[in-house]
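Coordinate analysis (summary)
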Amino acid sequence: MMPTIWRIFRNKSVEEFLPDPYIACVLNCMLWIFYGLPFNHPNSTLVVTINGTGLVLELIYLSIFLIYGKNSHRKKITLFLIIEVVFLGIVAGIDLNVFHTHKSRSTFVGVFCVVFGVAMYASPLTIMWKVIKTKSVEFMPLPLSIAAFSNGCCWTAYALLKFDLAILIANGTGAVLGLIQIVLWLSYYGTTPKKSKTSRAAAADPEVQLQNV
C-alpha cells in the first residue's frame, strides 16, 4: 500500500487509483475488532490489536484520498464511511440485545466478518476489468496483492491453530483471491506501457502539470 500512497502524495493526484480496497478494509477491521471483544469472543487479543492498528492505517490512507482525490472520491468515501458506522451500530445492537452467549454472539458477528472479509480481499479486483482491457497493471500495484495474499495465509495459519472457522473461511478465501491478483499482475506486467523519463518528470513537477492543463 505504501508505494501507492507515496506515489499519490508525490504527484498530488490519485490518478486512476481507487479507494475501494481501503473503504472495504475499514469495515472489515471494525467488524473483526468487535468480533474479538471479550463479550463476543474471549481470548482474541491478537485479533483486536492487529485490526485496531489496521483500522488506523486505513483511515490514514483514506485521508490521502480525501486530500488529493476528486470530488467523486470524497463523496464516495464519506458516504461509505457513514454507512459502515451505521451498519456496525446495527450489528452491535442486535448482537448485544438478542444473543446472550459467547458462542451465539461470535457466530452471529462471525458471519458478517466472513462476508465482508471476503469483500475486502476481493475489492482490488474492481480494477481487474481495466487491467484486462488496457493490458496494463499500472493501477493494480503488486505490493497490495502480495500483502493480501500474505495476510490471508498468516491468518489462515492462525485460524487453524485456534480452530476459528470464521477467520479460516474469510482469510482462506482471501489468500486465494490474493493469489489470483498476483497471477493477473504477472500476466499483464509485460504489456504494461513503460513511462518515459520525460513523463515521470512531468508527473512529479507541478509546474509542468499546470502548463499541460
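Residues numbered from 1 in each chain as written. Predicted model: local features only at pLDDT ≥ 70, side-chain atom pairs only at ≥ 80, totals over all residues. Heavy atoms only, no water.

Bringing the overall build of the protein into the picture now. Counting its secondary structure elements, the protein contains 10 helices and zero strands. Element order for the protein, N to C, with α for helix and β for strand: α-α-α-α-α-α-α-α-α-α. Counting every position in the protein, which comprises 213 residues, the buried fraction comes to 43%. The contacts in the protein between residues at least 6 apart in sequence include a share of 76% that link residues at least 24 apart. Approximately 11,500 Å² of the protein is accessible, and the part contributed by carbon and sulfur atoms is 73%. (Helix = DSSP H or I, 4+ residues; strand = E, 2+ residues; numbered from the N terminus. Buried < 20%, exposed > 50% of the residue type's maximum accessible area, 1.4 Å probe, protein only. Contact = heavy atoms within 4.5 Å. Areas by Shrake-Rupley, 256 points an atom, 1.4 Å probe, with all protein chains shown as cover.)

Next up on the list: the pattern of salt bridges. Considering all chains together, one arrives at one salt bridge under this definition. D20 serves as the salt-bridge partner of K76, at 2.7 Å between the closest nitrogen and oxygen. Of this pair, K76 sits in helix 4 (residues 71-98) while D20 sits in helix 2 (residues 20-36), and the two are 56 residues apart along the sequence. (Salt bridge = Lys/Arg side-chain N within 4 Å of Asp/Glu carboxyl O.)

This brings us to the nonpolar core. Judged by nonpolar contacts, the single largest core of 46 residues is most densely connected at I8, W32, F65, V131 and I167. Looking at this core, the elements with two or more residues in it are helix 1 (2-11), helix 2, helix 3 (45-68), helix 4, helix 5 (102-122), helix 7 (142-162) and helix 8 (165-188). Here this core gets 11 residues from one element, more than from any other, and that element is helix 2. Every residue in contact with W32, bar those within four places of it in the chain, is listed here: V47, N51, C113, A166, I167 and A170. One finds A24, C25, Y121 and L177 within the second-largest nonpolar core, a separate group that totals six residues. (Core = buried A, V, L, I, M, F, W, Y, C linked by side-chain atoms within 4.5 Å.)

Reading fine detail from the predicted coordinates is not recommended where pLDDT is low. Scored by pLDDT, the protein has a mean of 83; 88% of the residues are at 70 or more. No element of the protein has a lower mean pLDDT than helix 10 (residues 206-212), at 36, and none a higher one than helix 4, at 94. Contacts of residues 196-213 to residues separated by more than four positions or lying in other chains number seven contacts, the stretch itself having pLDDT below 50. (pLDDT = per-residue confidence, 0-100.)

To continue, consider helix 4. In this model, helix 4 (28 residues) spans 40 Å end to end at C-alpha, consistent with the 40 Å of a helix rising 1.5 Å per residue. Contacts from the buried residues of helix 4 go to helix 2, helix 3 and helix 5. (Expected span 1.5 Å × (residues − 1).)

Structurally, the α-helix is built with 3.6 residues per turn, so residues lying three or four positions apart point the same way. Between the first and last C-alpha of helix 7 there are 30 Å, a value that for 21 residues agrees with the 30 Å anticipated at 1.5 Å per step. Among all positions of helix 7, only L142, L144, S145, A148, G152, W155, T156, Y158 and A159 are buried. Against the buried residues of helix 7 lie helix 2, helix 3, helix 5 and helix 8. F163 sits one or two residues past helix 7 and shows a positive phi near 55 degrees.

Moving on: the side chain of N40. Mapping N40 onto the fold places it in the loop between helix 2 and helix 3. A distance of 2.8 Å separates a polar side-chain atom of N40 from the backbone oxygen of F34. Contact partners of N40, with chain neighbours within four places excluded, come to F34, Y35, D95, H102, R105, S106 and V109. (Polar contact = N/O pair within 3.5 Å; in protein donor to acceptor, adjacent residues only side chain to side chain.)

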